[in-house]
Amino acid sequence: MQFVTDPLVRLRDLSVRFAGVPALRGVDLDIGAGEAVGLVGESGSGKSVTWLAALGLLPPTAQVSGSVKLAGEELLAAPQSTLDRVRGGRVAMIFQDPASALNPVQRVGRQVVEALRLHRGLGGAAARAEAKRLFELVGIPDAGRRLDVYPHEMSGGQNQRVMIAMALAGEPELLVADEPTTALDATIQAQILDLLRRLQHEMGMALVLISHDLGVVADMCTRVCVMYAGKIVEEAPSEVLFERPSHPYTQGLLAALPAMVGPRRRLTAIPGSVPEPWNLPPGCAFAPRCERATKACLAPPDFRSMGPGHIAACVHARELVMA
Amino acid sequence: MLRYLALRLARAALTIVLVVTFAFVVLRLSGDPALIIMSPEAPVEAIEAFRHAWGLDQPIWVQYLDYFRAIAHGDLGVSFRDGRPAIELVSERIPATLALTIPALMLKLGVGIPAGIHAALHRNSTSDRLVMAGAVAGFTVPSFVLGLLLVLLFSVQLGWLPSGGQESWRSMILPVITLGFGGAGVLARFTRSAMLEVLGQPYIRTASAKGVPWRQVVRGHALPNAAIPTVTVVGFMVGSLIAGAVVVESVFSWPGVGRLLVVAVSNRDLAVVQCILLLVASTMVASNLVVDLLYGVLDPRLRAGATAGAH
Ligand SMILES: Nc1ncnc2c1ncn2[C@@H]1O[C@H](COP(=O)(O)OP(=O)(O)OP(=O)(O)O)[C@@H](O)[C@H]1O
Ligand SMILES: [Mg+2]
């Protein structure tokens with residue numbers, strides 16, 4: 001997508017290596033203010049690493065290069081104090097397993113208050129009152145008393161609500177939700193997703209939803225990026241991606257999806273498996289699993305424009321759409 | 001909670017009974033005190049009289065029951081050697097032992113824990129490798145070897161510090177270092193691995209992701225969690241304040257409980273040996289109890305377990 005002014009977040013050629021092994025191989029991505037963007041792809045495709053790298057949350061063993069700009073300000077080379085202000089302030093992140101994502105020896109209220117103190121300068125009774133308000137906002141019943149319990153005394157769904165309350169504490173412009181419902185029961189999943197959708201609209205914040213589940217992403221997001229082996233391979237408005245997927249990988253993912261209605265499944269039905277990151281094929285990483293692979297696929301594919309806001313990294317993309 | 005405490009106390013008491021029983025059995029079966037204490041040429045009648053006077057002619061289970069009955073009345077017996085109450089002999093040695101073991105404990109805590117934290121926070125750095133090398137040396141070199149090396153260097157070669165005795169505070173330096181070094185190594189290693197384990201947990205990433213500065217992540221989130229396993233080791237060290245200096249006291253001829261134990265064992269001075277073992281077992285058990293209670297303070301998950309167990 002093109003932005004006249006700077007987008008809220010702009011990733012350019014973001015790359016990550018662990019001990020020399022590439023995990024992310026040049027990700028370009030813009031997130032506009034208030035926009036909801038989905039990030040899908042098989043396990044290990046680099047969805048989490050993208051955002052951990054963007055926020056400087058990877059261990060020091062990770063070699064990160066490229067550019068991460070927040071409203072035009074470069075974050076990758078930024079001093080630690082800048083990152084501390086951004087994290088949980090302008091950009092908040094929630095994670096997959098809420099039970100282990102909260103400090104087990106600290107009361108949940110105190111963990112929310114810590115964020116309020118850091119980003120809103122609140123303390124004492126004011127912080128507690130605001131934490132209680134946030135708990136009510138995310139739908140934790142009996143909020144006043146729930147502030148004083150420990151994570152193990154709450155269910156997984158309640159813990160994820162605490163995580164969301166904590167993320168909202170800094171009034172973020174962007175919330176990155178990394179598979180926020182994978183660890184939860186189906187009914188709880190739907191509730192948490194509804195909550196995220198509601199909050200995104202009410203608070204006008206941008207949302208990046210990372211998921212295995214194309215169906216979930218289509219429901220929640222206006223734009224979807226598909227990742228494969230450390231790269232974005234296709235990006236399109238949600239309806240377009242579903243109606244006219246251009247990359248063979250995306251087509252495979254959609255074919256593996258049962259129906260738009262009915263129970264959702266994990267994306268597994270493409271034959272073959274993701275190449276090992278230390279043993280990537282030259283050119284297109286999907287070629288070994290692709291029915292349509294030709295010699296042309298031995299060179300790294302460029303993005304082709306498939307329509308407004310729709311790009312795909314496949315030399316055969318145009319023919320595929322025609323076909 | 002009360003039932004949990006009662007259960008803990010009962011278990012503690014049982015541990016002490018087992019230790020004392022074990023000591024009683026081993027010491028009685030490994031040699032006749034009468035033969036060791038009386039000179040070998042003593043007439044048979046004198047030996048018999050000694051046995052009778054100390055109840056050694058009774059069946060062993062009678063001796064055992066008598067012994068327990070006495071303990072229950074607070075009577076820990078009388079030394080075969082000089083007829084003084086065992087408890088007196090032992091208690092007058094305790095200050096000397098604590099004078100070594102408490103500073104040594106400070107050394108272990110003050111060096112081991114910070115070194116372990118530092119090593120974990122700077123994993124694979126030169127300082128991490130140095131700390132780990134020191135730690136391995138600390139707990140692989142036996143304390144008598146380290147003690148003798150220190151004596152050779154600082155007393156014999158350099159003549160800076162006394163090699164033994166209890167003349168001044170300077171006599172304490174070498175034994176305290178000898179005692180503290182190994183423990184500091186153990187603690188450094190333990191703290192390091194506890195910290196590494198905790199630093200890899202998702203909630204540490206959560207804290208960073210919400211903008212908590214790293215120092216505060218370490219202080220407010222990592223340390224309180226890493227303290228939980230570390231407390232076990234510290235508790236063990238506190239528990240060995242009395243008994244942990246046997247070897248070092250012998251090397252440095254330090255007149256503490258450990259030396260008394262060595263002498264009493266070789267003399268088969270049963271009352272004294274048993275009194276010391278009882279003391280050692282009690283401190284161990286008491287510190288274990290404190291550790292258990294501390295777990296409850298440090299880890300709310302266990303607190304819940306404890307109260308759940310009480311219902
Ligand atoms: N801390 C790390 N050290 C080494 N390799 C890592 C680390 N974190 C991630 N990786 C590697 O980076 C690659 C991308 O991982 P990432 O977690 O981003 O995948 P993902 O798309 O989020 O998958 P999932 O759906 O399973 O969460 C994987 O090959 C993974 O093994
Ligand atoms: Mg992930």
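Since the structure is predicted, the reported quantities are computational estimates derived from the model, not experimental observations. (Residues numbered from 1 in each chain as written. Chains lettered and ligands numbered in written order. Predicted model: local features only at pLDDT ≥ 70, side-chain atom pairs only at ≥ 80, totals over all residues. Heavy atoms only, no water.)

So, the interface of chain B and chain A
Point 1. Of the residues lining the interface, 22 residues belong to chain B; the matching set on chain A comes to 24 residues.
Point 2. Both faces considered, chain B and chain A share a buried interface measuring about 2000 Å² in area, 59% of it formed by carbon and sulfur atoms.
Point 3. Considering only the side of chain B, the residues that lose the most area to chain A are Arg-205, Ala-209 and Lys-210 of chain B, jointly responsible for 30% of the buried surface there.
Point 4. Inspection of the chain B/chain A interface yields 1 salt bridge.
Point 5. Of the charged contacts in the structure, one is a salt bridge between Lys-210 of chain B and Glu-114 of chain A, with a shortest N-O distance of 3.0 Å.
Point 6. Put simply, chain B and chain A have 11 residue pairs in polar contact (both at pLDDT 80 or more) between them.
Point 7. Secondary-structure elements contributing two or more residues to the side of chain B that touches chain A are helix H10 (202–209), helix H11 (214–239) and helix H15 (300–310) of chain B.
Point 8. Its residues assigned to classes, the side of chain B that touches chain A comprises 10 nonpolar, 7 polar and 5 charged. (Contact = heavy atoms within 4.5 Å. Buried area = accessible area lost by both parts, 1.4 Å probe. Salt bridge = Lys/Arg side-chain N within 4 Å of Asp/Glu carboxyl O. Polar contact = N/O pair within 3.5 Å; in protein donor to acceptor, adjacent residues only side chain to side chain. Helix = DSSP H or I, 4+ residues; strand = E, 2+ residues; numbered from the N terminus. Nonpolar A, V, L, I, M, F, W, Y, C, P; charged D, E, K, R; others polar.)

Notes on the sheet that holds strand E7 (residues 174–178) of chain A
Residue and element names in this part refer to chain A.
Point 1. In spatial order, the strands read E6-E7-E8-E3-E9-E10-E12-E11; together these 8 strands make up an open sheet with mixed pairing. Two strands bound the open sheet, and with one partner strand each, they are strand E6 (91–94) and strand E11 (304–307). Going across the sheet, the axis of each strand differs from the next one's by a mean of 20 degrees, ignoring polarity.
Point 2. On top of the sheet, helix H1 (residues 47–54) reaches strand E3 (36–40), E6, E7, strand E8 (206–211) and strand E9 (223–228); it is set at about 140 degrees to E8, its chief contact. (Pairing = 2+ DSSP bridges. Axes fitted to C-alpha atoms, helices over the stretch in contact; angles between N-to-C directions.)

Some details on helix H8 (residues 143–157) of chain B
All names here are of chain B.
Point 1. With 15 residues, H8 extends 20 Å from end C-alpha to end C-alpha; this agrees with the ideal 21 Å at 1.5 Å per step.
Point 2. A maximum bend of about 30 degrees is found in H8 at Val-151.
Point 3. Within H8, burial applies to Leu-146, Gly-147, Leu-150, Val-151 and Ser-155.
Point 4. The inward-facing, buried residues of H8 contact helix H9 (170–199) and helix H12 (246–251).
Point 5. One or two steps after H8, the chain reaches Gly-159, where phi turns positive at roughly 65 degrees. (Expected span 1.5 Å × (residues − 1). Bend = angle between axes of the 7 residues up to and from the residue. Buried < 20%, exposed > 50% of the residue type's maximum accessible area, 1.4 Å probe, protein only.)

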